[in-house]
There are 2 protein chains.
Amino acid sequence: MSMLSFLLGEKKKSASVAKERLQIILARERVGGESGKPDYLPALQKELMAVISKYVDINPNDIKVQLERQENLEVLEVKIELPDATRG
Amino acid sequence: MSMLSFLLGEKKKSASVAKERLQIILARERVGGESGKPDYLPALQKELMAVISKYVDINPNDIKVQLERQENLEVLEVKIELPDATRG
């Protein structure tokens with residue numbers, strides 16, 4: 001199943017009335033166990049939000065952030081509901 | 001099925017020997033048909049790569065980009081294989 005079909009399936013379940021939705025997923029997989037490197041996903045997420053807010057008006061209340069870890073995989077999911085038109 | 005379990009399933013299929021993998025997915029869903037707004041995903045993707053390269057050394061040959069569209073959903077998938085240690 002491709003990422004697109006997975007997200008299409010997710011879409012059908014959600015009942016929100018947003019005009020537009022943006023979903024950002026950051027998945028980091030460390031092969032060969034813990035590499036001891038600092039976890040940069042949270043910092044990366046903040047910067048990505050700053051970049052995204054140049055393109056769409058983001059209301060902090062419309063953002064849902066979820067961080068999941070399993071095995072050597074770390075998935076950071078950011079869901080943004082956009083009630084109104086985007087900028088530009 | 002959560003995004004994490006979907007990606008765990010994907011992981012098992014891939015046979016790459018990268019030390020670390022980073023996957024960025026941007027999914028944009030426009031509700032109520034074509035809103036006529038410009039498509040900002042490609043520009044957003046370039047900027048996101050610039051932010052990410054502050055955290056990990058990215059070799060352009062190690063990046064795979066895939067853009068898929070279906071119904072009112074647009075999914076931009078960026079896969080980065082990181083052969084070596086990340087910065088910082």
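The rules behind each value
Residues numbered from 1 in each chain as written. Chains lettered and ligands numbered in written order. Predicted model: local features only at pLDDT ≥ 70, side-chain atom pairs only at ≥ 80, totals over all residues. Heavy atoms only, no water. UniProt positions renumbered as here; feature names shortened; annotations may be inferred. Buried < 20%, exposed > 50% of the residue type's maximum accessible area, 1.4 Å probe, protein only. Helix = DSSP H or I, 4+ residues; strand = E, 2+ residues; numbered from the N terminus. Contact = heavy atoms within 4.5 Å. Polar contact = N/O pair within 3.5 Å; in protein donor to acceptor, adjacent residues only side chain to side chain. Least-squares fit on C-alpha atoms with pLDDT ≥ 70 in both.

- Per an unreviewed UniProt entry, the recorded name for chain A is Cell division topological specificity factor, and the organism is Comamonas testosteroni.
- If you open the UniProt record of chain A and go to Sequence similarities (unreviewed entry), you find "Belongs to the MinE family."
- Looking at the Function (unreviewed entry) heading of the UniProt record, one finds this comment for chain A: "Prevents the cell division inhibition by proteins MinC and MinD at internal division sites while permitting inhibition at polar sites. This ensures cell division at the proper site by restricting the formation of a division septum at the midpoint of the long axis of the cell."

1. Some thoughts on helix 1 (residues 3–13) of chain B
At 3.6 residues per turn, the α-helix brings residues three or four places apart onto the same side.
Logical step 1: Within helix 1 of chain B, the full set of buried residues consists of Met 3, Leu 4, Phe 6, Leu 7, Leu 8, Glu 10 and Lys 11 of chain B.
Logical step 2: Residues of helix 1 of chain B that are buried sit in contact with helix 1 (3–13), strand 1 (20–30), strand 2 (63–70) and strand 3 (73–82) of chain A together with strand 1 (20–30) and strand 3 (73–82) of chain B.
Logical step 3: Of the residues flanking the start of helix 1 of chain B, the one acting as N-cap is Ser 2 of chain B, its side-chain oxygen 3.2 Å from the backbone nitrogen of Leu 4 of chain B.

2. Things to note about the relation of the copies chain B and chain A
Logical step 1: The transformation that overlays chain B on chain A combines an axial shift of 0.0 Å with a rotation of 180°, and the residual RMSD is 0.0 Å. Taken together, the turn and the small shift mark the pair as related by a two-fold rotation axis. Ranked by how close their C-alpha atoms come to the rotation axis, the residues of chain B are headed by Ile 25 of chain B, at 2.5 Å.
Logical step 2: Here 98% of the interface residues in chain B have copies in chain A that are interface residues too; the copies meet face to matching face.

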